[in-house]
Amino acid sequence: MSDLRNILKEEYKKKEEVVVSPTSLIEMIEQLYDAIEPEVMGAVAPLMEEEARGSSTPQKLTIDLIPTIPISEIGWGSLVTPEGGGAEVRTQSGQQLAQYLNNIAPGGDIKVKIAALNKYYDDPIPDPTGSPKEQLQHTISNLVFYKTLTNIITNFNASAAGFAFESFLAVLLDAKTGKQIPATATGKESTIADIVLFQGSRPISLKLYKEGSLSVGGSYKQLVEDLTGKYPTMEYIVVTKDLKESKDPLKQQGKLNFYAFNFTNQNLVEIMALQGSEGLELMQIPGQLYKAPIPQLEELMQDGSLERALRVPTRREVPLIPLMDGFVSAVQAGMTKAGIGDDVVASFENEFNERVDRETGEFIGSGGKKRFTYYASSRDRFPSAITKEIFNNLTFTSPEYSTLVETLMNEGYAEAVKQRKELSKKGSARKEKFKELSFATKKQSLKRLIELQQGATPELFNFVLKHTNGYLREKRFELTKGNLGNLSSIEAQGDLYPYESWELGSIEIGAQKIQKMLDDSINSFNEAIFSIFTDLKDLSGHLNKYVAGGLKDDGLAQEAEKEAGEIGSKTKEVRTGGKDSEPQAELPFGE
């Protein structure tokens, strides 16, 4: 709204008379809608249908009048560095959301905010002792929270809802620096946490599940990396959706149940043991760590000999480099023999190097999940996504060359896959090393880990955690709601609950719930809110139709001009409590 007012106000000042011509208004509207045209055009059809049915402006507060914060793929929880450097700031959509959510129990943790939201839900009438400005902040912030949360939960699939929910919580809990960790984060940013608060000092792994299917899981190796590294405490907030299902998202309603606990390197062993056999398998330790006395292990760790003795060859030590070199050479030789130009031959190798790490064989951008010769399909035209990408980026002077290179690449890749499989049959150094480590039994390992936790230095205990079976084999952990319900039974209760208990509370959601809050909140003060919301919708409708009509209907432009001015004056009345202010020159779009 402020963008529209500023644009129109600047243009208005340029005129000698207090008149906005159709031409100047067209220019102003075009400026405003350059950035939001897709959203505008997407909203035109419903508005036109509403007009065709003969509907008129609602005579009561309805959900569509509450401000809507766009849910983007980038996410509200993203932070970006401004041009020229400086502290990271929110994206534009994130800033919009933060303006509202920052008013909900400012400075409170998630348990405090849940309590504040429930208090509003039970009694949405603003505090009569507060100023009109404070009442307006309180009312609209809570309504925007409930509407946005309901949109996330009821209108998106599980994956998209989970991603948006992470961003939403990051902004709610820390409006200034709460940040979502990208799913593709690597290096220093790599962590099992989904969001971090307070300039990265508080990591939180956030999980959203359907009620009855709660299962907290993730990379055991990454969790150990966090707990033994920069995040010795990893907070988990677990949320379950208990909804009455309906094909119509507007009719879905129910509640979100919130739970929380902390992983620390002091309770990790006991919590994993709650999994039973699967958890104990993750924590099996090499025989040498079970048998040798703790003082001896301390010495061996200090001089580095323990690390050398337990080192497990990584997958990159499988001889993929010769296979990659052979593939590239074979394809290039075939291209040269066929008379294909040297520039195309050279570009083939360049394209390959841009997509494959020549040291590890990993496909760049896959996060280590895909490697050369490990992924091949006989059902597709190309057995590997890499060969397809390379082929699509090559330029050929004739169709014959194109067909030839496609054949050369597919045959070369198939041969490399065959060679890799033959080598793996002979057994890799990694396999042999795991046999050599001779892991202790599950019970022996659990007993030893507790002994090390209590009697060894933190450095040795962390070292041992990094040489457990689940860490070395990069396995996942999975904890059910039943497992987590037994958290009270473990010995390491210190720092187990970040908010003093496992259960944090619930939040009611659903369009019907929001409408009830709207209805309950209508009083003499909220007549001003109703008027502002109604004018906002009318303004949006007229602008949408004006743009959809090719900017030709001057009457719609004049209506938008009039409504913008009314919104400005009415908002000022709410802000100032209706007090008179110094007279100012009238502008058609308000202050």
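The structure contained in this document is the topic of the report that follows. In this text the structure is predicted, and so the values were computed from the model without any measurement.

1. Some words on the packing of helix α14 (residues 320-337) against helix α15 (residues 342-355)
Here's step 1: Two numbers describe how α14 lies on α15: the axes approach to 9 Å, and their chain directions differ by 160°. Relative to α15, the element α14 lies roughly antiparallel. Crossing of α14 over α15 shows right-handed handedness. For the pair formed by α14 and α15, the contact residues are M324, F327, V328, V331, Q332, M335 and T336 on the first element and V344, V345, F348, E349 and F352 on the second.
Here's step 2: Looking at side-chain class alone, the contact of α14 with α15 contains 9 nonpolar, 2 polar and 1 charged residues.

2. Describing the nonpolar core
Here's step 1: Counting 56 residues, the largest nonpolar core has V216, L223, M234, F263, M272, L460 and F477 as the members making the most contacts within it.
Here's step 2: For this core, the element with the most residues is helix α20 (residues 458-465), which contributes 5 residues.
Here's step 3: Ranked by size, the runner-up nonpolar core spans 50 residues in total, among them L136, F258, L504 and I507.

3. Quick word on the sheet that holds strand β3 (residues 179-180)
Here's step 1: Read across the sheet, 6 strands follow the order β3-β4-β5-β7-β8-β10 without closing on themselves; strand pairing throughout is mixed. This sheet does not close on itself; its edge strands, each paired only once, are β3 and β10 (503-510).
Here's step 2: Those strands touched by helix α23 (residues 511-521) are β8 (253-264) and β10, and its axis lies near 85° from that of β10.

4. Focus on the pattern of salt bridges
Here's step 1: The full count for this structure, using the stated rule, is 14 salt bridges.
Here's step 2: Among the salt bridges present, the one from R202 reaches E235, with a minimum N-O distance of 2.8 Å. Remark: E235 occurs in strand β7 (residues 233-244) and R202 occurs in strand β5 (residues 202-210); sequence separation between them is 33 residues.
Here's step 3: A residue is classified by how much of its surface remains accessible, and R202, at 27% relative accessible area, is partly exposed.
Here's step 4: The salt bridge partner of R448 is E451, with a shortest N-O separation of 3.3 Å. In this pair, R448 and E451 are both assigned in helix α19 (residues 442-455), 3 residues apart and thus about one turn of the helix distant.
Here's step 5: We classify R448 as buried; its relative accessible area is 7%.

What counts and what doesn't
- Residues numbered from 1 in each chain as written.
- Predicted model: local features only at pLDDT ≥ 70, side-chain atom pairs only at ≥ 80, totals over all residues.
- Heavy atoms only, no water.
- Axes fitted to C-alpha atoms, helices over the stretch in contact; angles between N-to-C directions.
- Helix = DSSP H or I, 4+ residues; strand = E, 2+ residues; numbered from the N terminus.
- Parallel < 35°, antiparallel > 145°, perpendicular 65-115°, else oblique.
- Left-handed = near helix turned anticlockwise from the far one by under 90°.
- Contact = heavy atoms within 4.5 Å.
- Nonpolar A, V, L, I, M, F, W, Y, C, P; charged D, E, K, R; others polar.
- Core = buried A, V, L, I, M, F, W, Y, C linked by side-chain atoms within 4.5 Å.
- Buried < 20%, exposed > 50% of the residue type's maximum accessible area, 1.4 Å probe, protein only.
- Pairing = 2+ DSSP bridges.
- Salt bridge = Lys/Arg side-chain N within 4 Å of Asp/Glu carboxyl O.

The values are spatial; any link to function lies outside them.
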